[in-house]
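# Secondary and tertiary structure notes
Each chain, letter by letter, is given below.
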Amino acid sequence: MATALNEVHGSSSSLAGRGKAPAYRPSANEEFMNPAQLAYFRQKLLEWKDAIIRESRDTMAQLKSGPIREADLTDRASSETDWSIELRTRDRQRKLIAKIDAALRRIEQGEYGFCEVTGEPISLARLEARPIATMTVEAQERHERQERVSRDD
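Residues numbered from 1 in each chain as written. Predicted model: local features only at pLDDT ≥ 70, side-chain atom pairs only at ≥ 80, totals over all residues. Heavy atoms only, no water.

### Some points on a negative patch on the surface
Residues Glu-120, Glu-138, Glu-141, Glu-144 and Glu-147 make up a contiguous surface patch of negative charge. Looking at the secondary structure, you find Glu-147 in helix α5 (residues 137-152). The class for Glu-147 is partly exposed, based on a relative accessible area of 42%. (Patch = residues over 30% accessible without salt bridge, like charges linked within 9 Å, V, L, I, M, F, W, Y side chains within 5 Å. Areas by Shrake-Rupley, 256 points an atom, 1.4 Å probe, with all protein chains shown as cover. Salt bridge = Lys/Arg side-chain N within 4 Å of Asp/Glu carboxyl O. Lys, Arg positive; Asp, Glu negative; His and termini not counted. Charge placed at Lys NZ, Arg CZ, Asp CG, Glu CD. Helix = DSSP H or I, 4+ residues; strand = E, 2+ residues; numbered from the N terminus. Buried < 20%, exposed > 50% of the residue type's maximum accessible area, 1.4 Å probe, protein only.)

### Thoughts on the nonpolar core
Membership of the largest hydrophobic core comes to 21 residues, with the highest contact counts inside it found for Phe-41, Leu-45, Trp-48, Ile-100, Tyr-112, Leu-127 and Ile-132. Looking at this core, the elements with two or more residues in it are α2 (35-64), α3 (73-109) and α4 (124-129). When residues of this core are assigned to their parent elements, the largest contribution, 6 residues, is made by α3. (Core = buried A, V, L, I, M, F, W, Y, C linked by side-chain atoms within 4.5 Å.)

### Looking at α3
Helical geometry: 3.6 residues make up each α-helical turn, so side chains three or four residues apart lie on a common side. Taking 1.5 Å as the rise per residue, α3 with 37 residues should run 54 Å; its terminal C-alpha atoms sit 54 Å apart, in good agreement. In the core, the buried residues of α3 are packed alongside α2. Taken from the residues just after α3, Gly-110 is the one with a positive phi, measuring 75 degrees. (Expected span 1.5 Å × (residues − 1). Contact = heavy atoms within 4.5 Å.)

### Let's talk about the pattern of salt bridges
Side-chain pairs of opposite charge can arise whenever the charged atoms involved come near each other. Applying the stated criterion across every chain, the model contains 8 salt bridges. Where Arg-90 meets Glu-55, a salt bridge forms, and the shortest distance between an N and an O atom there is 3.5 Å. One end of the pair, Arg-90, is in helix α3; the other, Glu-55, is in helix α2, with 35 residues separating them in the sequence. By the burial criterion, Arg-90 is buried, and Glu-55 matches it. Within the structure, one salt-bridge network assembled from shared partners comprises Arg-25, Lys-44 and Glu-128.

### Concerning the packing of aromatic side chains
Counted under the stated rule, the structure contains 4 aromatic pairs. Relative to Tyr-40, the ring of Tyr-24 lies with its centre 5.9 Å away and its plane at 70 degrees, an arrangement referred to as edge-to-face. Of the two residues, Tyr-24 is situated in the loop between α1 (2-17) and α2 and Tyr-40 in helix α2; the sequence distance between them amounts to 16 residues. The class of Tyr-24 is partly exposed, set by a relative accessible area of 32%. With 5.1 Å between their ring centres and 80 degrees between their planes, Tyr-40 and Phe-41 make a pair best called edge-to-face. (Phe/Tyr/Trp six-rings, centres within 6.5 Å; stacked < 30°, edge-to-face > 60°.)

### Considerations on unusual backbone geometry
A positive phi angle, close to 55 degrees, is found at Met-33, a residue other than glycine. Take Met-33: it is sitting in the loop between α1 and α2.

### A few points about the environment of Ile-53
Tracing the backbone through its elements, the reader meets Ile-53 in helix α2. Residues Ile-53 and Arg-90 lie 37 residues apart in sequence; the distance between their C-alpha atoms is 9.4 Å.

### Section: the confidence of the model for the chain
Here the chain averages 84 in pLDDT, and 83% of its residues register 70 or above. Between the elements of the chain, mean pLDDT differs from a low of 40, seen in α1, to a high of 97, seen in α4. Taken together, the stretch residues 1-19 has pLDDT below 50 and engages in 24 contacts with residues farther than four places along the chain or on a different chain. (pLDDT = per-residue confidence, 0-100.)

So, in structure tokens, the structure goes:
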């Protein structure tokens, strides 16, 4: 996942480093969720999703290449543990793709960037860091506190 995030987040800085014009970055000095911002976040989400899918395809190709053929039991156990971790990561990323798709639907419906609890704008910094965010930081903190309280009961 770190690779996917680096590919997405690093893409604009690598373009700037090649002598091209710097990529658009949303700014608080412009209208919130104007067409340029929506296009920016849509593209960011699509690139993130594509990176995850590419990684998933690579994992599937490795799995299809054949079973683990480690002769030593310790090496075999280590390889199986590595695959288990890899598959759990892919499962988390599968769930992440669903959240990315939901964010893309919110863009199409004109709801992206606004808190689903309060209706207030989610900060650009938060959306930049977590483009699938559905709540402001404050609403998210309240939600997590309520979850902890109800879980403790």
